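Commentary on secondary and tertiary structure
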Amino acid sequence: MVSSSGSKVLFICFVITTMTSFVALATDNNPLQDFCVADANSPVLVNGLVCKDPKVVTENDFFTSGLNVAGDTSSSKVGSAVTTVNVARIPGLNTLGISLVRIDFAPWGINAPHTHPRATEILTVIKGTLRVGFVTSNPENRHITKVLNEGDVFVFPQGLVHYQQNIGYGNAVAIAGLNSQNPGVITIANAVFGANPDISADILAKAFQLNKNTVQELQARF
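Residues numbered from 1 in each chain as written. Predicted model: local features only at pLDDT ≥ 70, side-chain atom pairs only at ≥ 80, totals over all residues. Heavy atoms only, no water.

Going by what an unreviewed UniProt entry lists, the protein is known as Germin-like protein and is assigned to Heracleum sosnowskyi. Looking at the protein in UniProt, the text filed under Sequence similarities (unreviewed entry) is "Belongs to the germin family." What the UniProt record of the protein gives under Subcellular location (unreviewed entry) is the line "Secreted, Extracellular space, Apoplast". (UniProt positions renumbered as here; feature names shortened; annotations may be inferred.)

Two strands pair when backbone bridges link them, and strand 3 (residues 110-115) and strand 8 (residues 161-166) are joined in this way by 3 bridges, in the antiparallel orientation. Bridging from a neighbouring strand, Asn-111 pairs with Gln-164 of strand 8. In this structure, strand 3 lies alongside strand 10 (residues 186-187), joined through 2 bridges in antiparallel fashion. Each residue of the ladder has a partner; that of Thr-115, found in strand 10, is Ile-186. (Pairing = 2+ DSSP bridges. Helix = DSSP H or I, 4+ residues; strand = E, 2+ residues; numbered from the N terminus.)

Let us now look at the state of the cysteines. Cysteine pairs can be covalently joined through their sulfur atoms, and such a bond is termed a disulfide. Here the structure, examined in full by the defined rule, presents 1 disulfide. Residue Cys-36 pairs covalently with Cys-51 via a disulfide, S to S 1.8 Å. Between Cys-36 and Cys-51 the sulfur-sulfur dihedral comes to about -100°; the bridge is accordingly left-handed. Of this pair, Cys-36 sits in the loop between helix 1 (4-20) and strand 1 (80-85) while Cys-51 is found in the loop between helix 1 and strand 1, placing the two residues 15 residues apart along the sequence. For Cys-36, a relative accessible area of 5% gives the class buried. (Disulfide = S-S within 2.5 Å. Buried < 20%, exposed > 50% of the residue type's maximum accessible area, 1.4 Å probe, protein only.)

Overall, antiparallel pairing links the 5 strands, which are arranged 6-5-8-3-10 in an open sheet. Of all the strands in the sheet, the pair left with one neighbour each is strand 6 (143-148) and strand 10.

What follows is the structure, encoded as structure tokens:
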């Protein structure tokens, strides 16, 4: 049997033990200064880019031009050209979590199935008519697709395979925003059949239910 004074001691020990088991963590994902213009010449490696000295920042660090110029679709095997405006083009985008692309399509051209590992994409059609879509994750693999006309807007969730196709007889143009300064892109066909070094043809033959010769022919194209 424990006395009342002993009970108090046990209670105090319990409180102290409980309190000392807590760990305080604090983070701030938002910028802690007005801007952090990327210093492309810094040898320091960080998750993102090192900030340039604010005293040497100019208006050109927040500016680019040329988005009115159509991309060259004639040299593309799939009939599209993507003009990217990310932190590599506008250093002032560093830490702001946003970027932009212009996508030009030849008649019946496609922006081949791909993913953005670090960003959600919101796209609006400026000219023409596009068929767009994305596929949900396993096991459903649901194909969500829609035809977009000028002024229509569509969202592609982060990390999901998606595509766009010009279904008109003229050129088409779209503008898309992404919530990352460097969203990344993984084009499925290029990644799978154009990996360097090659993914084993035996593996791809089983994965795609193809014969090995067909896989090797596909690899030769990428």
